[in-house]
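The primary structure of each chain is shown beneath.
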Amino acid sequence: MSLIQIKRQRKSDVNLKQVYDAIVVGSGAAGGMAAHVLTSKGMKVLLLEAGKKLDLDKELKSTEWPYEHRRRGEMPPDAHALIPNEYTIRQPPYAKGLPHKHVYSYVQSWGGSDYSKNIVVDERDHPYTGTNYAWVRARVLGGKTTIWGRLALRLSDLDFKAKTHDGYGEDWPISYADLAPYYDKVDLYLGISGQKENLPHLPDSIFQRPTKLNFAEVKLRQGLKKMNRVLTPYRAGVTTDGLKHNKYRNRCYGRGACNRRAGGCDIHAAFDSPTGLIYPAMDTGNLTLRTNAIAYEVTVDKNTGKATGVAFVDAETKKTYEAKAKVVVLAASTLESTRLMLLSKSALHPNGIGNSSAHVGHNFCEHIMGPGVAGLVKDLVGKPHTLDDGRPGGFYVARFRNLTDRHADFIRGYGFEGGSGTTMFPGNAMGTTGFGANYKKQVRDYAGAFISMGAFGEVLPRYENYVDIDPEMKDAWGIPVLRFHYKFGDNEKKMAKDMADTAREMFEAAGIEVVGVEREILTEGWSIHELGTARMGMDKKTAVLNQFQQSHDVKNLFVVDGSSHVSASCQNPTWTIMALAWRSCDYLADQFKKGNL
Ligand SMILES: Cc1cc2nc3c(=O)[nH]c(=O)nc-3n(C[C@H](O)[C@H](O)[C@H](O)COP(=O)(O)OP(=O)(O)OC[C@H]3O[C@@H](n4cnc5c(N)ncnc54)[C@H](O)[C@@H]3O)c2cc1C
Ligand code: SF4
């Protein structure tokens, strides 16, 4: 049964008469990994991607100077990026009622946003409804990995077995030992830079050369050491030593370009899914790519309930097509895969495919952001400048709450991302008063002497935090949109207070003058780490997927993105998404070969 009424056509630029071994929906971190693993096992795969294949090198122009751009990198005046207040004072759909021709999510308010405007979606075409949520989406080949922030962290058994640790929620159906070999594979195949710290709760990767901490960051690291807390160089999903097996990528030249705009590295030292996974998969001869293909339904056999393929609409012509496959792998990103499952209703799957548990859309979780601190390292004022932003990231402070003890006010934990040093655009210039030579001297003297960090904390998964399908609103292609029912809870709010307190405490302990402490919580969604909504678990009454991200209800349906995560942990999710997808697709290929799907 199709929810949208568009006449189906059978013509397309890829062979749709063929029954593929697998269809993968979405080409970001999850879909790219699925395409890589399945094609390397000899399976014939059709990859459906809703967005365009952009020439990222021409798009990102990482090394273009601000003065080479007619608006110094800013978007045209008819384009508007949502600001924090708009996300809370107004209600979604956020583009409604605004005079601008194009409306984008908040990431387009960062410097150099003209370079990412074709990557991030226009909210006019992609509305959603319900509670306030800053939903950032990228619809291009590679998805959000084309501009991601590169922080690549592992989870540990403190995360996988969180319920055992503190009694809340559910444990994951896997442990660190199950995933560690796949984290290793991701490290070696894609490259990661970092420094070993031997922390049980933040396991080390197989690192390439780390980036260097600068003076202020070393000072903070030393200060934290006395508190038994660990500051480590940014663990970046970037190849600093190069990857001999991948001709599409270069080693990091330390140009810092990925840090100055919304992200993106046009020499592909930073991982992106097209050069890291999809182009190598195409070289196997086993991958067929169809871009501009917006999946809107997983089709099923009306007798068996098994998936038969995917119906999609062409983003440009709005014509609809059906592709057939023996296995369907959803990897459209957490909320888009969930939307697709909920849209795929049929007689045997009346609540949406794979949703006999009624848990699809529920147990939505992510990271809470906002609290942080800014400080001044007086020893650096007036000192000669160094090239500090010529690197793909600053530092990370590992979680220290609720490891062995129990905080009185909240469970779980948080980490901090931060940085310091001289940058191409001295952040202090805007806040410095005066003019002329004195003003310039003041800006120069203080540039590089500031250090700041902001927290990312675990948001607990709760059944009552969920998304469903809006009964009325549709997107520009006639596909019903998501409706949010999602709010931070008490645990998150108490954790946020502690984040601000400990941020100050740590700077003071390191002898850094605190110039500002941020206590405000940013709108739900700000972390761009939406997770849960189709969680894994052993019990099919309360979980959507098994430990191999395979639907409990439909054995030839897999969902390999962040929707499968049982809890959010406080570590950034992308490296885990890819390790899990690798593990599940290994299993999928094995079961396929045995004829079990
Ligand atoms: C600015 C920014 C900074 C970030 N920083 C970090 C970081 O430092 N560390 C970290 O771990 N994570 C970070 N993230 C998050 C990270 O990018 C995501 O976790 C990751 O990309 C998720 O992979 P995915 O494959 O699930 O989704 P995506 O990368 O979003 O890919 C999903 C793909 O599916 C496609 N798609 C969607 N719907 C459909 C449909 N109906 N039919 C066909 N195709 C569809 C989309 O077009 C897209 O290409 C950041 C993200 C952004 C935007
Ligand atoms: S610092 Fe490295 S990862 Fe970042 S843009 Fe430069 S080369 Fe790419």
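Residues numbered from 1 in each chain as written. Chains lettered and ligands numbered in written order. Predicted model: local features only at pLDDT ≥ 70, side-chain atom pairs only at ≥ 80, totals over all residues. Heavy atoms only, no water.

(A) Molecular detail of the overall build of the protein. Secondary structure assignment for the protein yields 13 helices and 18 strands. In terms of C-alpha radius of gyration, the protein reaches 23 Å, essentially the compact-globule figure of 25 Å for 597 residues. In terms of overall dimensions, the protein has C-alpha extents of about 75 × 55 × 50 Å along its principal axes. Residue pairs in contact within the protein that sit at least 24 positions apart in sequence constitute 73% of those at least 6 positions apart. (Helix = DSSP H or I, 4+ residues; strand = E, 2+ residues; numbered from the N terminus. Rg over C-alpha atoms; globule rule 2.2 N^0.38 Å. Contact = heavy atoms within 4.5 Å.)

(B) Summary view of the site of ligand 1. In the vicinity of ligand 1 lie 36 residues, with Glu 49, Gly 149, Leu 151, Ala 295 and Thr 574 positioned nearest. Between an oxygen atom of ligand 1 and a main-chain N or O atom of Ala 30, the distance comes to 2.9 Å. At a separation of 3.0 Å, an oxygen atom of ligand 1 approaches a polar backbone atom of Val 140. Relative to its unbound accessible surface of 990 Å², ligand 1 loses 95% to contact with the protein. (Near = heavy atom within 4 Å. Polar contact = N/O pair within 3.5 Å; in protein donor to acceptor, adjacent residues only side chain to side chain. Areas by Shrake-Rupley, 256 points an atom, 1.4 Å probe, with all protein chains shown as cover.)

(C) Summary view of the sheet that holds strand E15 (residues 466-474). One open sheet holds the three strands; their spatial order is E5-E16-E15, and the pairing between them is mixed. Two strands in the sheet have a free side with no partner beyond their single neighbour: strand E5 (129-130) and E15. For E15 and strand E16 (residues 480-485), the ladder comprises five bridges, and the chain directions are antiparallel. From the neighbouring strand, Ile 469 faces E16, where its bridge partner is Leu 482. Sheet contacts for helix H10 (residues 334-343): E15 and E16; angle to E15, the most-contacted strand, approximately 65 degrees. (Pairing = 2+ DSSP bridges. Axes fitted to C-alpha atoms, helices over the stretch in contact; angles between N-to-C directions.)

(D) Region of interest: helix H6 (residues 176-190). Counted at 1.5 Å a residue, the expected span for H6 with its 15 residues is 21 Å, and the 20 Å between its end C-alpha atoms agrees. Of all the residues in H6, the buried ones are Tyr 176, Leu 179, Ala 180, Tyr 182, Tyr 183, Val 186, Asp 187, Tyr 189 and Leu 190. Residues of H6 that are buried make contact with helix H1 (29-40), helix H4 (157-160), helix H9 (273-282) and helix H13 (574-593). Of the residues trailing H6, Gly 191 is marked for its positive phi of about 85 degrees. (Expected span 1.5 Å × (residues − 1). Buried < 20%, exposed > 50% of the residue type's maximum accessible area, 1.4 Å probe, protein only.)

(E) Molecular detail of the pattern of salt bridges. Counted according to the given criterion, the structure contains 35 salt bridges. In this structure, Glu 217 and Arg 391 form a salt bridge, with 2.7 Å as the shortest nitrogen-oxygen distance. Placement of the pair is Glu 217 in helix H7 (residues 215-225) and Arg 391 in the loop between strand E11 (367-376) and strand E12 (395-397), with a sequence separation of 174 residues. The exposure classification of Glu 217 matches that of Arg 391, with both residues buried. With a closest N to O distance of 2.8 Å, Arg 462 and Glu 492 form a salt bridge. Here the residue Arg 462 occupies a position in the loop between strand E14 (450-458) and E15, and Glu 492 occupies one in helix H12 (residues 490-509), the gap between them amounting to 30 residues. (Salt bridge = Lys/Arg side-chain N within 4 Å of Asp/Glu carboxyl O.)

(F) Summary view of the confidence of the model for the protein. Averaged over every residue, the pLDDT of the protein is 95; the share at 70 or more is 98%. Overall, residues 1-11 carries pLDDT values under 50, and its contacts beyond four positions in sequence, including any with other chains, amount to 28 contacts. (pLDDT = per-residue confidence, 0-100.)

(G) Representation of the side chain of Ser 584 in the model. Here Ser 584 is to be found in helix H13. A distance of 2.7 Å separates polar atoms of two side chains, one belonging to Ser 584 and the other to Gln 549. In contact with Ser 584, other than residues within four places in its own chain, are Phe 548, Gln 549, Phe 558 and Val 560.

(H) How the structure looks around the packing of H6 against H13. Viewed as axis vectors pointing N to C, H6 and H13 meet at an angle of 110 degrees, and their least axial separation amounts to 8 Å. When the interaxial angle is binned, H6 and H13 end up roughly perpendicular. Of the residues in H13, those in contact with Asp 178, Leu 179, Tyr 182, Tyr 183, Lys 185, Val 186, Asp 187, Tyr 189 and Leu 190 of H6 are Trp 575, Thr 576, Met 578, Ala 579, Leu 580, Trp 582, Arg 583 and Asp 586. (Parallel < 35°, antiparallel > 145°, perpendicular 65-115°, else oblique.)

(I) Fine view of the environment of Ala 293. Position of Ala 293 relative to the elements: it lies in strand E8 (residues 293-300). Classification of Ala 293 as buried rests on a relative accessible area of 2%. Sequence separation between Ala 293 and Gly 194 is 99 residues; the distance between their C-alpha atoms is 37 Å. Residues in contact with Ala 293, not counting those within four places in the same chain, are Leu 48, Glu 49, Ala 50, Phe 312 and Val 313.

(J) Spotlight on the environment of Phe 160. Mapping Phe 160 onto the fold places it in helix H4. Taking the C-alpha atoms as reference, Phe 160 lies 8.2 Å from Val 566; in sequence the two are 406 residues apart. In this structure, Phe 160 is in contact with Leu 155, Asp 171, Trp 172, Ile 174, Ser 175, Tyr 176, Leu 179 and Tyr 183, ignoring residues within four places of it in sequence.

(K) The packing of aromatic side chains, seen in detail. By the definition in use, this model includes 29 aromatic pairs. Centre to centre, the rings of Trp 148 and Trp 575 are 6.2 Å apart; their planes meet at 10 degrees, and the pair counts as stacked. Remark: Trp 575 occurs in helix H13 and Trp 148 occurs in the loop between E5 and H4; sequence separation between them is 427 residues. Taking relative accessible area as the criterion, Trp 148 reaches 11% and is therefore assigned buried. Exposure remark for Trp 575: the relative accessible area of 0% places this residue in the buried category. A connected cluster of aromatic rings, assembled from ring pairs, spans Tyr 87, Tyr 94, Tyr 106, Trp 110, Tyr 128, Tyr 133, Trp 135, Phe 364, Phe 484, Tyr 486, Phe 488 and Trp 526. The ring of Tyr 321 is capped by Arg 290, whose NZ or CZ atom sits 5.4 Å from the centre of that ring. (Phe/Tyr/Trp six-rings, centres within 6.5 Å; stacked < 30°, edge-to-face > 60°. Lys NZ or Arg CZ within 6 Å of the ring centre and 35° of its normal.)

(L) Looking closely at the sheet that holds E14. Here we have six strands laid out as an open sheet, ordered E6-E12-E13-E14-E11-E17, and antiparallel in their pairing. The open sheet terminates on both sides in strands that have one partner only, identified here as strand E6 (231-233) and strand E17 (513-518). Strand-to-strand twist in this sheet, taken as the mean axis angle between neighbours without regard to direction, amounts to 25 degrees. Of the strand pairs in this sheet, E11 and E14 are connected by eight bridges, and their pairing is antiparallel. Looking at E14, one finds that Ile 368 is bridged to Gly 457. Contacts between H7 and the sheet are confined to E6, E12, strand E13 (414-420) and E14, with E6 contributing the most and set at about 145 degrees to the helix.

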